[in-house]
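Chain by chain, the residues:
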Amino acid sequence: MGISVGIDLGTSNSVVATVWDGQAVVLADAEGRSVHPSVVAFGYGNSVVVGAPARQQLAYAPDNTIFSAKRLIGRRFGSEEVDRIRRSVSWGVAEGPRGDARVRVQGKVYAVQEISAHVLSHMKTIAEQATGQTVDGAVITVPAYFNDQQRQATRDAADIAGLKCLRIINEPTAAALAYGYGQGHRQHIAVYDLGGGTFDISILRLDDELFEVVSTAGDTFLGGDDFDIVICDHLLAEFKAQTGIDATENRAARAKLLDASERTKRALSKVPAVAVKVPGLARDESGNAVGLSTTLDHNIIQRLAMPLVQRTFSVVDEALAQANLTAHQVDAVLLVGGMTRFPLIRQAVNHYFGKDPLDHLNPDQVVAQGAAIQAWNLTSFTDAPDAVLLDVTPQTLGVRTVGGFVEPVVERNTPIPTSLTKVFHTAQDLQNEVRIQVFQGESRMAADNELLGEFVLSGLRAAPRGEVKVDVTFALDADGIVTVQATDRETGRAVDMTIEASSNLTHEEVEEMRFDEIGF
Ligand code: AMP
């Protein structure tokens, strides 16, 4: 019998852990690395490299090196988010057969699930090499805001990698498990997660082995990258002040400064001031290469970064309001994500919540550790108590009605699993069928939300409008996967749809992509 693992499949980095002798331990690769870049590099022929070696290829083969692919998962080509992502990555984005966004590399188009599958497969190999055992199954974490399609796409990625997905759980819930499992806590905690590209906050209630998410909120375009950008803009202004050269539109100079900004930001987590020297940024009028030499200290960084830090706390305000709690009623604050190592964030957490964040947990590893605990819980036969995870749906689910509006059926932050029904009427005289279009998102306008799927209930009695009634029931399972059923009240006839069916890969496509069948 093999082991089960927890995998934090992150946008920038991934981590794998397992429970060993009752402890959740992070598994390192042969070089001792426990955090692995979620980077997949394509080389000659069919060769694929994943993790740290792939990250090294980024500088000299940016077109063939895929990073941050997770940002595309479950998203439509042509959507505003995908356009934003396209502008920030060096690799190509293409349209898939059903309008989904895919990755284009070396003239081939790959589903994002295939890229994630390479990362998952890499994690599985690391775990097998570290333990000498086979990996039988994994609990994989996703951001709390992930919608149905994104969760399903993550499952598909596991399938493609030949990895049994035991459960998909939310990252903050996993972090809470790593903190509280077996500790007998009775308290409210906040999980503040600031990673490379996104910010998330979740409020949970812990009651012994019960982990209940009370509310969750986030910003999918706010993370460490934005801190790098404000520092980079400051350095560009410094460069202009020193040399008179405006390098804002110089892509190579910007890339160098962005890299320097990220390194400076990390260094400033440890020391009060850092000398920044970037040679050969641009050429002056006489053709001589000129560089930048300046100093950044905590005061400057505080001024530059404060607006971003404040943006995270307005999201925290929202989550606390939804949970009906004040900041001081939160008993403990857990930090997740590399950016939370930044001292300014820790200070701001202290000011806001009136207490220091917990510091005995590693912000890069805590999610994978929690996932490992849940994997062990689901597969082991010990007397240890099972953790009960009660999650909420991160976004409102509803049905499109006349005029392009959405009628919500399951409101955001509703505990799952759940099943809720709403009655809809026909909108026109003699209407003998209804098209049920299922949307996810917070806008009252359908066009601003994500279409999850649609189906038709036909054979309705031809009657004046409003007379025929249809029950629409939304059921959400523990993985957050949605099933929608429409029932004609007069005949009892029903049609249902698992939103799974609308995920952007078909079952056959997943089968075809499976690594074991194509010999990776
Ligand atoms: P994650 O997505 O959780 O891996 O977080 C990655 C982000 O954390 C990137 O923006 C990094 O620059 C940032 N980061 C990692 N370590 C540090 C550190 N020691 N100080 C400041 N930022 C960091």
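So, a few notes on the structure that sits alongside this text.

So, on to the sheet that holds strand β9 (residues 101-105). Across a sheet, strands are paired by hydrogen bonds formed along the backbone, either parallel or antiparallel in direction. Taken in spatial order, the three strands of this open sheet run β8-β9-β10, and their pairing is antiparallel. Single-partner strands in this sheet number two, and they are β8 (92-95) and β10 (108-110). Averaged over all adjacent pairs, the angle separating strand axes in this sheet is 45 degrees, with direction ignored. Sheet topology note: the β9/β10 ladder contains three bridges and is antiparallel.

Another point: the pairing of strand β1 (residues 3-9). In terms of burial, β1 is a largely internal element, seven of the seven residues being buried. By the alternation rule, side chains of β1 split into I3, V5, I7 and L9 and S4, G6 and D8, which are all buried. Note that β1 and strand β2 (residues 13-20) share four bridges and pair antiparallel. By the bridge assignment for β2, I7 is matched with V16. Here β1 folds back onto β2, and the loop between the two strands holds three residues.

Looking at the ligand, there are 14 residues lining it, with G196, E262, K265, S269 and G338 nearest. Within the side chain of K265, a nitrogen or oxygen atom sits 2.8 Å from an oxygen atom of the ligand. Between an oxygen atom of the ligand and a main-chain N or O atom of G338, the distance comes to 2.9 Å. Here the ligand loses 86% of its free accessible area of 500 Å² to cover by the protein chains. It is helix α7 (residues 251-267) that provides the largest number of residues to the shell around the ligand, a total of three residues. The residue makeup of the shell around the ligand, split by class, is two nonpolar, eight polar and four charged. Here the shell around the ligand spans two domains, and each of domain 1 (3-222 + 310-391) and domain 2 (224-303) adds at least three residues to it.

Definitions and limits used
- Residues numbered from 1 in each chain as written.
- Predicted model: local features only at pLDDT ≥ 70, side-chain atom pairs only at ≥ 80, totals over all residues.
- Heavy atoms only, no water.
- Pairing = 2+ DSSP bridges.
- Helix = DSSP H or I, 4+ residues; strand = E, 2+ residues; numbered from the N terminus.
- Axes fitted to C-alpha atoms, helices over the stretch in contact; angles between N-to-C directions.
- Buried < 20%, exposed > 50% of the residue type's maximum accessible area, 1.4 Å probe, protein only.
- Near = heavy atom within 4 Å.
- Polar contact = N/O pair within 3.5 Å; in protein donor to acceptor, adjacent residues only side chain to side chain.
- Areas by Shrake-Rupley, 256 points an atom, 1.4 Å probe, with all protein chains shown as cover.
- Nonpolar A, V, L, I, M, F, W, Y, C, P; charged D, E, K, R; others polar.
- Domains from an automatic or database assignment.

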